[in-house]
Amino acid sequence: MHKRIMDTAVPQESPEGLIIAMEELLRHVRHSATTGGLSTAASSTLSRLAREGPQRLTELARAERVSQPNMSQLVTRLERTELVRRTADHSDGRGVLVEVTDTGVEVLLLRRAERAGALQQLIDELTEQEQQAVKVALPALARVIQDQQARS
């Protein structure tokens, strides 16, 4: 039997309430990006390649926490739409790297602009004090995440 989580019983200021708010925000912003018709997995993979550079399929699958066959299928779909390409790994003649194409970068930039526009529309509906709080809190949380990743 499926149990429904009752979001209304959670205080908004609690960590659980903040998670619920963050999930709603992420869902709203993600759904605002329609360029390229990418799935969440495809968008995440493309973003990783643009951020981190070419990677082997096995590394990409591990980083995105999917199986290698699933990543292979995803890369094949992205290749068909010319968003990524496979190239020889010059450090290992048998290896293949997956890299984002210029078209892939363009799609990512358009998607980022769509998400930024959706976020800005939400921020515009906040009070001045709420806007300032968001502009301080979100970058601060991002900094903490980056600091944690650097220590790992």
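Residues numbered from 1 in each chain as written. Predicted model: local features only at pLDDT ≥ 70, side-chain atom pairs only at ≥ 80, totals over all residues. Heavy atoms only, no water.

Another point: the packing of helix H2 (residues 40-52) against helix H3 (residues 57-64). Across the interface, H2 lies against H3 with an axial gap of 11 Å and an inter-helix angle of 120°. Relative to H3, the element H2 is oriented oblique. Here H2 and H3 pass one another in a crossing that is right-handed. Only Leu60, Ala63 and Glu64 of H3 make contact with H2, whose side of the interface consists of Ser44, Thr45, Arg48 and Leu49. (Axes fitted to C-alpha atoms, helices over the stretch in contact; angles between N-to-C directions. Helix = DSSP H or I, 4+ residues; strand = E, 2+ residues; numbered from the N terminus. Parallel < 35°, antiparallel > 145°, perpendicular 65-115°, else oblique. Left-handed = near helix turned anticlockwise from the far one by under 90°. Contact = heavy atoms within 4.5 Å.)

Our focus in this paragraph is the sheet that holds strand S2 (residues 84-88). Pairing is antiparallel across the open sheet formed by three strands, whose spatial order is S1-S3-S2. In this open sheet, the two strands that pair with only one neighbour each are strand S1 (55-56) and S2. One ladder, built from two bridges, connects S1 with strand S3 (residues 96-100); its direction is antiparallel. By the bridge assignment, Arg56 is partnered in S3 with Leu97. Strands in contact with H2 are S1, S2 and S3; relative to S3, the strand with the most contacts, it is inclined by about 95°. The strands touched by helix H4 (residues 68-80) are S2 and S3; relative to S2, the strand with the most contacts, the crossing angle is about 110°. (Pairing = 2+ DSSP bridges.)

What follows covers a nonpolar patch on the surface. Side chains of Ile19, Met22 and Leu26 sit close together on the surface and give an oily, nonpolar patch of about 250 Å² of accessible area. Here Met22 is to be found in helix H1 (residues 15-32). (Patch = residues over 30% accessible without salt bridge, like charges linked within 9 Å, V, L, I, M, F, W, Y side chains within 5 Å. Areas by Shrake-Rupley, 256 points an atom, 1.4 Å probe, with all protein chains shown as cover. Salt bridge = Lys/Arg side-chain N within 4 Å of Asp/Glu carboxyl O.)

Let's shift gears to the environment of Glu64. Within the fold, Glu64 resides in helix H3. A residue is classified by how much of its surface remains accessible, and Glu64, at 16% relative accessible area, is buried. Note: C-alpha distance between Glu64 and Gly37 (27 residues apart in sequence) is 19 Å. Contacts of Glu64, omitting those with residues within four sequence positions, involve Ser44, Thr45, Arg48 and Met71. (Buried < 20%, exposed > 50% of the residue type's maximum accessible area, 1.4 Å probe, protein only.)

Turning our eyes to something else, we now look at the nonpolar core. Leu38, Leu46, Met71, Val75, Leu78, Val84 and Val98 are the most contacted members of the largest nonpolar core, which has 17 residues in total. If you list the elements that add at least two residues to this core, you get H2, H3, H4, S3 and helix H5 (102-124). Looking at which element gives the most residues to this core, the answer is H4, with four residues. Beyond its immediate stretch of four places on either side in the chain, Met71 contacts Thr45, Leu57, Leu60, Ala61, Glu64 and Val66. (Core = buried A, V, L, I, M, F, W, Y, C linked by side-chain atoms within 4.5 Å.)

Looking at the protein as a whole, the pLDDT averages 90, with 93% of positions reaching at least 70. Confidence, read as mean pLDDT per element, is least for H1 in the protein (89) and greatest for H4 (96). (pLDDT = per-residue confidence, 0-100.)

So, about the packing of H1 against H5. For the pair H1 and H5, the least separation of the axes is 7 Å and the interaxial angle reads 135°. On the basis of their axis angle, the class for H1 and H5 is oblique. For the element pair H1 and H5, the recorded crossing hand is right-handed. The residues of H5 that touch H1, namely those facing Leu25, His28, Val29, Arg30 and Ser32, are Glu114, Arg115, Ala118, Leu119 and Leu122. Counted by class, the contact of H1 with H5 contains five nonpolar, two polar and three charged residues. (Nonpolar A, V, L, I, M, F, W, Y, C, P; charged D, E, K, R; others polar.)

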